[in-house]
Amino acid sequence: MALGYSQGAGAYKQVRTQGGIETADPHGLITMLMDGALEKIRFALGHMVTGNVAGKGEAISKAIEIVGALQSALNHEVKSPLVGQLDSLYDYMSRRLLHANLHDDADALDEVTRLLGQIRESWIAIPVDARQPAGEGA
């Protein structure tokens, strides 16, 4: 699927306007998207605790948007079970975020934080020489 990292960059720009996006390589952009989603989930949890319904909803909506961009960035032309597993996992995370928003479920936010954190740890552990140019990998 050809999302495009540009579409992912657009989702991230809405979340954070600091520098680095324009010059990030695809691997770095995905890392930034993950960081942005985790940040928004932390904000949502804070808003949930303080009873700020609007802030919680906005933060969760942005997290869902970013997770959707991560899902869209998957390259389904790569014949690996990992692509399908990540696709399903991103879908699950989006549904859990929606559930958290509707039911003020902090445990669901914690679960998504844990899952996305594990994906991020694996992602950043990829050695530089093993990273593929844009569009060639999962």
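Since we're looking at a predicted model, the values are computed, not measured. (Residues numbered from 1 in each chain as written. Predicted model: local features only at pLDDT ≥ 70, side-chain atom pairs only at ≥ 80, totals over all residues. Heavy atoms only, no water.)

1. Focus on the overall build of the protein chain
For the protein chain, the count of helices and strands is five helices and zero strands. Split into buried and exposed, the 138 residues of the protein chain put 40% on the buried side. The long-range share in the protein chain, meaning contacts at least 24 apart out of those at least 6 apart in sequence, stands at 64%. Element-wise, carbon and sulfur atoms account for 54% of the exposed surface of the protein chain, whose accessible area totals about 7400 Å². (Helix = DSSP H or I, 4+ residues; strand = E, 2+ residues; numbered from the N terminus. Buried < 20%, exposed > 50% of the residue type's maximum accessible area, 1.4 Å probe, protein only. Contact = heavy atoms within 4.5 Å. Areas by Shrake-Rupley, 256 points an atom, 1.4 Å probe, with all protein chains shown as cover.)

2. Points about the nonpolar core
Among the nonpolar cores identified, the biggest contains 27 residues, and Met34, Leu70, Tyr90, Met93, Leu97, Leu109 and Leu116 are the most heavily contacted of them. For this core, the secondary structure elements donating two or more residues are α2 (26–50), α3 (53–72), α4 (81–103) and α5 (106–124). Looking at this core element by element, the count peaks at eight residues for α2. (Core = buried A, V, L, I, M, F, W, Y, C linked by side-chain atoms within 4.5 Å.)

3. Concerning α5
The periodicity of an α-helix, 3.6 residues per turn, causes residues three or four places apart in sequence to face the same way. Given a rise of 1.5 Å per residue, 19 residues ought to cover 27 Å, and the 26 Å separating the end C-alpha atoms of α5 matches this to within 8%. Taken as a whole, α5 has its buried residues at Ala108, Leu109, Glu111, Val112, Leu116, Gly117 and Ile119. On the buried face of α5, the contacting elements are α2, α3 and α4. Backbone nitrogen of Asp107 and a side-chain oxygen of the N-cap are separated by 3.0 Å at the start of α5; the cap is Asp105. (Expected span 1.5 Å × (residues − 1). Polar contact = N/O pair within 3.5 Å; in protein donor to acceptor, adjacent residues only side chain to side chain.)

4. Quick notes on the environment of Glu39
Structurally, Glu39 can be placed in helix α2. C-alpha of Glu39 to C-alpha of Ala59: the two residues are 20 residues apart in sequence and 8.8 Å apart in space.

5. Let's talk about the packing of α3 against α4
Running from N to C, α3 and α4 point in directions that differ by 170°, and their axes come no closer than 9 Å. The angle between α3 and α4 falls in the class roughly antiparallel. When α3 is examined against α4, the residues Lys56, Gly57, Ile60, Ala63, Ile64, Val67, Leu70 and Gln71 are found in contact with a partner set consisting of Asp87, Tyr90, Asp91, Met93, Ser94, Leu97, Leu98, Ala100 and Asn101. In the contact of α3 with α4, the residues fall into 10 nonpolar, four polar and three charged. (Axes fitted to C-alpha atoms, helices over the stretch in contact; angles between N-to-C directions. Parallel < 35°, antiparallel > 145°, perpendicular 65-115°, else oblique. Nonpolar A, V, L, I, M, F, W, Y, C, P; charged D, E, K, R; others polar.)

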